[in-house]
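So the chains spell out like this:
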Amino acid sequence: MSSIAEPAEHIVEFFLYVMPGFVALQFYRAKYPARQLSDSLQIAWSLIYGVILAAFVRWVDDCCFHGWLQTKATGFPAFRLVIALMVSGLLGGAILIAAAWCRFEVARRFPRWAGIEPDPQSIWAKINRPSNDYAVVYLDDGSIYLGWIKDFTFDPDADDNDFLLADAKRVDDQLAEKYAVTGRGVYLNTRNVKRIEFVKTD
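Residues numbered from 1 in each chain as written. Predicted model: local features only at pLDDT ≥ 70, side-chain atom pairs only at ≥ 80, totals over all residues. Heavy atoms only, no water.

Student: Give a description of helix α3 (residues 79-109) that names residues and reports values.
Tutor: The terminal C-alpha atoms of α3 lie 45 Å apart, and with 31 residues this matches the ideal 45 Å at 1.5 Å per residue to within 8%. Taken together, the buried positions of α3 are Leu 81, Ala 84, Leu 85, Ser 88, Gly 89, Gly 92, Gly 93, Ile 97, Ala 100, Phe 104, Glu 105 and Ala 107. (Helix = DSSP H or I, 4+ residues; strand = E, 2+ residues; numbered from the N terminus. Expected span 1.5 Å × (residues − 1). Buried < 20%, exposed > 50% of the residue type's maximum accessible area, 1.4 Å probe, protein only.)

Following this line, the structure appears as structure tokens:
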């Protein structure tokens, strides 16, 4: 019986190390999407972050909880340990998000540090960062809209992404206004867009 239990315990222990790293990565990618990694890379990065976070949980357990989380216990883990590892994964993801935000802000404010800016992996994500530019959107049916991209989706693995053009106007070829869109804006999808031109505004 013990010969069966031992491999099961090893599998559980492996998942305990992978889980917080996986949670951290998924939390981070919910804020900053990236192209889907291969299964082997996903497991590798989850394990790297997971080992760091599990070591942190063990240190907290030793210093603050005096072993209450049972991080050094053998066999199947206590429920409180699983919860602690989940929380550490969310904390790790929040730290990754904060680090990426700081890199964006430093690169934006100080041109000399532009090299530390994270790679958005897509021109679509890069051009939709906050700016004062208005977008002139040319659609495949010949219609043209002028406005600013208020909201957009970004799935690096998808062929198309949708977006909302706010403060929008339907314009002609000379960008003269035909009519204003008085509601929330124009919902569009990149599959119907021929090109987008950005106009600088003050």
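Moving on from the coordinates now.
Student: Describe helix α2 (residues 39-65), and please don't skip the residues or the numbers.
Tutor: Of all the residues in α2, the buried ones are Gln 42, Ser 46, Gly 50, Leu 53, Ala 54, Val 57, Val 60 and Asp 61. Positive phi appears at His 66, one or two residues downstream of α2, with a value of about 55°.

Student: Tell me about a nonpolar patch on the surface, and please be specific about residues and values.
Tutor: On the surface, a nonpolar cluster with roughly 610 Å² of combined accessible area is contributed by Ile 11, Phe 14, Phe 15, Tyr 17, Ile 43, Leu 47 and Val 51. At the level of secondary structure, the elements contributing two or more residues to the nonpolar patch comprise α1 (2-31) and α2. Take the nonpolar patch: its biggest share by element is four residues, from α1. By the secondary structure assignment, Ile 11 is in helix α1. In this structure Ile 11 comes out as partly exposed when scored by relative accessible area, which is 48%. (Patch = residues over 30% accessible without salt bridge, like charges linked within 9 Å, V, L, I, M, F, W, Y side chains within 5 Å. Areas by Shrake-Rupley, 256 points an atom, 1.4 Å probe, with all protein chains shown as cover. Salt bridge = Lys/Arg side-chain N within 4 Å of Asp/Glu carboxyl O.)

Student: Can you tell me about the nonpolar core, naming the residues and giving the values?
Tutor: Of all hydrophobic cores here, the largest spans 14 residues; its most connected members are Val 137, Leu 139, Ile 149, Phe 163, Leu 165, Val 186 and Leu 188. Sorting the residues of this core by element identifies α4 (123-127), β1 (134-139), β2 (144-152), β3 (162-171) and β5 (186-189) as the ones contributing at least two each. If near-sequence neighbours (up to four positions away) are discounted, Phe 163 is found in contact with Trp 124, Val 137, Ile 149, Asp 151, Phe 152, Val 186, Tyr 187, Leu 188, Asn 189, Thr 190, Val 193 and Ile 196. By size, the runner-up hydrophobic cluster in this structure holds seven residues, among which are Ala 54, Val 57, Leu 69 and Leu 85. (Core = buried A, V, L, I, M, F, W, Y, C linked by side-chain atoms within 4.5 Å. Contact = heavy atoms within 4.5 Å.)

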